[in-house]
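# Analysis of the macromolecular model
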Amino acid sequence: NAGVMQNPRHLVRRRGQEARLRCSPMKGHSHVYWYRQLPEEGLKFMVYLQKENIIDESGMPKERFSAEFPKEGPSILRIQQVVRGDSAAYFCASSPPRPRAGSTLNTEAFFGQGTRLTVV
Amino acid sequence: KNQVEQSPQSLIILEGKNCTLQCNYTVSPFSNLRWYKQDTGRGPVSLTIMTFSENTKSNGRYTATLDADTKQSSLHITASQLSDSASYICVVRGGGGSNYKLTFGKGTLLTVNP
């Protein structure tokens, strides 16, 4: 059972270009979370998705950023017209479906190795 | 505001010594607390998870404690090894009426020297 797979591991873009970051969750996981980690900072929540649905995008900038998790294929975090301030490590995590109320199932999130975006 | 504060920011110890990392949180309502280890350039890896009713939990040389009343947790590492050099991140699940959001501390950077 492969872990959470993110690609590319490193991505260099010039200012104004588009960046597409991919995340394939663990088998059986239908929940995906995207986090951003700036240098010397902690991880910051961006967006939470289930298959074909965005559940919470409160941590994602309103402009230039979008995320999707289609029925088939990986989750995509898309950054349009990148700026230098977008340079960061972007981590994806996945977790199994949330248990019903009262269940003691562990809903631990597993992280990918991240994509390091550098905007030059 | 849901926050997780960790101390110290960084710590240097000699191989074989013990150390304790601290985590204070204000996340409410509280679901659980995790300690993650993040090696440089890699994604976080879970060390231990603690729920409201658990006071202490061990995973090898790592022992985590939780005081839900004071909203404090600690991670104790015994007999440190060079491979323990990493960032240790305290993560709390909960807050805002949901139980899926994870709030991350900024981490403690631990360096173990020979």
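Computed from a predicted model, the values in this text were never measured in an experiment. (Residues numbered from 1 in each chain as written. Chains lettered and ligands numbered in written order. Predicted model: local features only at pLDDT ≥ 70, side-chain atom pairs only at ≥ 80, totals over all residues. Heavy atoms only, no water.)

## Considering the pattern of salt bridges
According to the stated counting rule, one finds five salt bridges over all chains in the structure shown. Measuring nitrogen to oxygen at the nearest pair gives 2.7 Å for the salt bridge that ties A:Arg64 to A:Asp86. With A:Arg64 in the loop between strand E6 (53-56) and strand E7 (65-68) and A:Asp86 in the loop between strand E8 (75-79) and strand E9 (88-95), this pair connects stretches of sequence that are 22 residues apart. Of the residues examined, A:Arg64 reaches a relative accessible area of 24% and is grouped as partly exposed. The salt bridge partner of B:Lys57 is B:Glu54, with a shortest N-O separation of 3.1 Å. The class of B:Lys57 is partly exposed, set by a relative accessible area of 25%. Here the residues in one salt-bridge network are A:Glu18, A:Arg20 and A:Arg78, joined through shared partners. (Salt bridge = Lys/Arg side-chain N within 4 Å of Asp/Glu carboxyl O. Helix = DSSP H or I, 4+ residues; strand = E, 2+ residues; numbered from the N terminus. Buried < 20%, exposed > 50% of the residue type's maximum accessible area, 1.4 Å probe, protein only.)

## Looking at the state of the cysteines
Residue and element names in this part refer to chain A. As enumerated under the stated definition, the model contains two disulfides over all chains in all. At a sulfur-sulfur separation of 1.7 Å, the disulfide partner of Cys23 is Cys92. On the S-S bond that ties Cys23 to Cys92, the torsion sits near -45°, and the link is left-handed. Pair noted here: Cys23 is in strand E3 (residues 19-24) and Cys92 is in strand E9, with a separation of 69 residues, a long-range link. Residue classification places Cys23 among the buried residues on the basis of a relative accessible area of 0%. (Disulfide = S-S within 2.5 Å.)

## What about the sheet that holds strand E6 (residues 56-59) of chain B?
All names here are of chain B. Spatially, the five strands line up as an open sheet ordered E1-E3-E8-E7-E6, and their pairing is antiparallel. Edge positions in the sheet fall to strand E1 (4-7) and E6, since each of these pairs with one other strand and no more. Strand-to-strand, the axes of this sheet are offset by a mean angle of 15°, without reference to chain direction. Looking at chain direction, strand E7 (residues 62-67) and strand E8 (residues 72-77) are connected through six bridges and run antiparallel. Note that in E8 the partner of Tyr62 across the bridge is Ile77. (Pairing = 2+ DSSP bridges. Axes fitted to C-alpha atoms, helices over the stretch in contact; angles between N-to-C directions.)

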